[in-house]
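# Chain and residue survey
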Amino acid sequence: MKVISTGKKLCLSCMEEHEVKRVEVQEENIFKGVRVKYTAKYEYCDRTKEYLTYEDSLDTNDLAFKDAYRKEVGLLTSQEIVEIRDMYDVSQKDFSKILGWGSSTITRYENHQVQDGVHDDVLMKVASDPKWFMELLNRAKRELTDKAYRKYLSKAKEHYRQNQNKYLKESIEADYTKYEGKSNLTGNAGLNIDKAVEVINYLAQNVPDLYKVKLMKMLWYCDCLHYKREKKSITGLVYKALPLGAVPERYEVLVLLEGIEYCEVQYDEYIGYKFKAPLDFKVETLSNAEIRVIDEVIERFKNYNTKQIIDKMHEEEAYRNTPEYQPISYEYAKSLSI
Ligand SMILES: [Zn+2]
């Protein structure tokens, strides 16, 4: 028994006024054939040695008991159900409507009733799949107020975007596992996508009219120059020798990541992708040494047009000695022209 607090009051056990303790007690109980342990709260009378429930402690003790059971059998706890509902900022009633359940189902699950396995699976899916939640939301649209519908939809979209970004990152990371242990190709550094995004934005912020081809070359120069100085690339990106010069492996996914912004500019024959740093961009993970290297690359190439930087790249020993479409070794950094 653990004492949480004491206070003088009329004791409902001995019916006299005295210091009454509020205590926590470890209890054991059986629910659906499963024995579980949980912490219950009571008031305790020293004179009668009796435990009494107070205010809503009967409910909270019951909830602690049910949650212990849910944990034991791998169901979502009442608190986790609240968190899933909060994720979409939706009321208990509306959540029940969206899921197509009885109007007080969620309220019961968040209080005293243990959900069954099927409903548990549905809740788990809602938590992990905002796109599916949007489908359910649309189905229930007519049962919701317009204002509520729009609020939930905007929350769901926000989670969907975050999820998308997570998937994109994971797909790049999965692809890069094939380079594990090949430090000459990764520049002795593990892939750091957040840093890659930051380098791109730092370049976009400081180089006027930064188009895709030039950006890719400048990224390579940043990583390669840093490797030349510190025996370590900045981003861990692997670059391949494409006809127009070095291009990071999975660059087409890289530029779709959240935080990278570009606009399409239509020319006579092709579309250009012009990069711009987000207005609120600031450096968070790059070190001062890394920034110095990037600044140097910017100083060197900011006024180069696309053709000039491609020509420059084509002259690099790293490029001349790497077969087309093969990864470029960072070992060539020592002969880098800058
Ligand atoms: Zn008493």
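Residues numbered from 1 in each chain as written. Predicted model: local features only at pLDDT ≥ 70, side-chain atom pairs only at ≥ 80, totals over all residues. Heavy atoms only, no water.

### Observations concerning the overall build of the chain
- Broken down by element type, the chain carries 14 helices and nine strands.
- By the compact-globule yardstick of 20 Å for 338 residues, the chain is too spread out, its C-alpha radius of gyration being 30 Å.
- By principal-axis analysis of the C-alpha atoms, the chain measures approximately 95 × 50 × 35 Å.
- The burial tally for the chain puts 44% of its 338 residues in the buried class.
- Within the chain, contacts between residues at least 6 apart in sequence are counted, and of these 61% link residues at least 24 apart.
- Of the charged side chains in the chain, 53 are positive and 57 negative; the average position of the first set lies 1 Å away from that of the second. (Helix = DSSP H or I, 4+ residues; strand = E, 2+ residues; numbered from the N terminus. Rg over C-alpha atoms; globule rule 2.2 N^0.38 Å. Buried < 20%, exposed > 50% of the residue type's maximum accessible area, 1.4 Å probe, protein only. Contact = heavy atoms within 4.5 Å. Lys, Arg positive; Asp, Glu negative; His and termini not counted. Charge placed at Lys NZ, Arg CZ, Asp CG, Glu CD.)

### As for the side chain of Lys-214
- Counting through the fold element by element, Lys-214 comes out in helix α10 (residues 212-230).
- Although buried, Lys-214 forms no salt bridge, and the nearest oppositely charged side chain, Asp-209, lies 8.2 Å from it.
- Non-local contacts of Lys-214, meaning those with residues more than four positions away in its chain, are made with Val-207, Phe-301, Lys-302, Asn-303, Tyr-304 and Ile-309. (Salt bridge = Lys/Arg side-chain N within 4 Å of Asp/Glu carboxyl O.)

### Details of the packing of aromatic side chains
- Per the counting criterion, the structure on display carries 17 aromatic pairs.
- Ring plane angle 65° and centroid distance 5.7 Å describe the contact between Tyr-176 and Tyr-179, whose orientation is recorded as edge-to-face. For the pair shown, Tyr-176 and Tyr-179 are each scored as buried.
- Judged by centre distance (5.0 Å) and plane angle (70°), the ring pair of Trp-220 and Tyr-221 falls under edge-to-face. Assigned by exposure class, Trp-220 and Tyr-221 land together as buried.
- Clustering of aromatic rings is evident, with ring pairs tying together Phe-31, Tyr-38, Phe-65 and Tyr-69.
- The ring of Trp-132 has Lys-125 lying over it, and the distance from NZ or CZ to the ring centre is 5.0 Å.
- Sitting over the face of the ring of Tyr-273, Lys-212 holds its NZ or CZ atom 4.4 Å from the ring centroid. (Phe/Tyr/Trp six-rings, centres within 6.5 Å; stacked < 30°, edge-to-face > 60°. Lys NZ or Arg CZ within 6 Å of the ring centre and 35° of its normal.)

### A word on the packing of α10 against helix α13 (residues 306-315)
- At a minimum axis distance of 9 Å, the contact between α10 and α13 shows a crossing angle of 40°. One finds that α10 runs oblique with respect to α13. Between α10 and α13 lies a crossing of left-handed hand. Contacts from Val-213, Lys-214, Lys-217, Met-218, Trp-220 and Tyr-221 of α10 reach α13 at Thr-306, Ile-309, Ile-310, Lys-312 and Met-313.
- Residue composition of the contact of α10 with α13, by class: seven nonpolar, one polar and three charged. (Axes fitted to C-alpha atoms, helices over the stretch in contact; angles between N-to-C directions. Parallel < 35°, antiparallel > 145°, perpendicular 65-115°, else oblique. Left-handed = near helix turned anticlockwise from the far one by under 90°. Nonpolar A, V, L, I, M, F, W, Y, C, P; charged D, E, K, R; others polar.)

### As for the coordination of the zinc ion
- The coordination sphere of the zinc ion contains the protein donors Cys-11 (SG), Cys-14 (SG), His-18 (NE2) and Cys-45 (SG), at a distance range of 2.2 to 2.4 Å.
- Classification of the site at the zinc ion rests on its four donor atoms, whose angles at the metal span 96 to 120°, yielding the label tetrahedral.
- We note that the donor set of the zinc ion lies within a single chain, spaced as C-x2-C-x3-H-x26-C. On the criterion of sequence distance, the pair formed by His-18 in strand β2 (residues 17-31) and Cys-45 in strand β3 (residues 34-45) is long-range, its members being 27 residues apart. (Donors = N, O, S within 2.8 Å, 3.2 Å for Na, K, Ca; no water. Tetrahedral: all angles 85-135°; square planar, octahedral: opposite > 155°, others 65-115°.)

### What to know about the environment of Thr-235
- By secondary structure assignment, the location of Thr-235 is in the loop between α10 and β6 (239-242).
- Judged by relative accessible area, which is 1%, Thr-235 ranks as buried.
- Each C-alpha atom of the pair Thr-235 and Val-34 lies 51 Å from the other, and the pair is 201 residues apart in sequence.
- Other than its neighbours up to four places away in sequence, Thr-235 contacts Gly-190, Leu-191, Asn-192, Lys-195, Ala-196, Val-199 and Asp-223.

### Let's talk about the sheet that holds strand β4 (residues 50-52)
- In space, the four strands of this open sheet follow the order β1-β2-β3-β4, with antiparallel pairing throughout. Only two strands of the sheet have a single neighbouring strand rather than two, namely β1 (2-10) and β4. With strand direction ignored, the average angle separating the axes of adjacent strands in the sheet is 45°.
- Packing of helix α1 (residues 57-73) onto the sheet brings it into contact with β2 and β3, and relative to β3 it is tilted by some 160°. (Pairing = 2+ DSSP bridges.)

### Examining the environment of Val-253
- Its location among the elements puts Val-253 in helix α11 (residues 251-254).
- The class of Val-253 is buried, set by a relative accessible area of 8%.
- Sequence separation of Val-253 and Leu-12 is 241 residues, and the distance between their C-alpha atoms is 68 Å.
- For Val-253, the contacting residues outside a window of four places in its chain are Leu-168, Ser-171 and Ile-172.

### Considerations on the state of the cysteines
- One pass over the structure, following the stated rule, counts zero disulfides.
- The closest cysteine sulfur to the non-disulfide-bonded Cys-222 is located on Cys-224, 10 Å from its own sulfur.
- Residue Cys-222 is classed as buried on the basis of its relative accessible area, which comes to 1%. (Disulfide = S-S within 2.5 Å.)

### Comments concerning the domain arrangement of the chain
- Assigned domains of the chain: these are domain 1 (2-73), domain 2 (78-164) and domain 3 (180-335).
- Once you take the C-alpha centre of each, domain 1 and domain 2 turn out to be 33 Å apart.
- At the interface, seven residues of domain 1 touch nine residues of domain 2.
- In total, about 570 Å² of surface goes out of reach between domain 1 and domain 2, with carbon and sulfur atoms giving 46% of it.
- Per-residue buried area on domain 1 facing domain 2 is highest for Leu-63, Lys-66 and Arg-70; these three make up 69% of the total on that side.
- At the junction of domain 1 and domain 2, the tally comes to zero salt bridges.
- Counting every contact that joins domain 1 to domain 2 gives five residue pairs in polar contact (both at pLDDT 80 or more).
- Broken down by element, the side of domain 1 that touches domain 2 gets its largest block of residues, six residues, from α1.
- Class assignment for the residues of the side of domain 1 that touches domain 2 results in three nonpolar, no polar and four charged. (Domains from an automatic or database assignment. Buried area = accessible area lost by both parts, 1.4 Å probe. Polar contact = N/O pair within 3.5 Å; in protein donor to acceptor, adjacent residues only side chain to side chain.)

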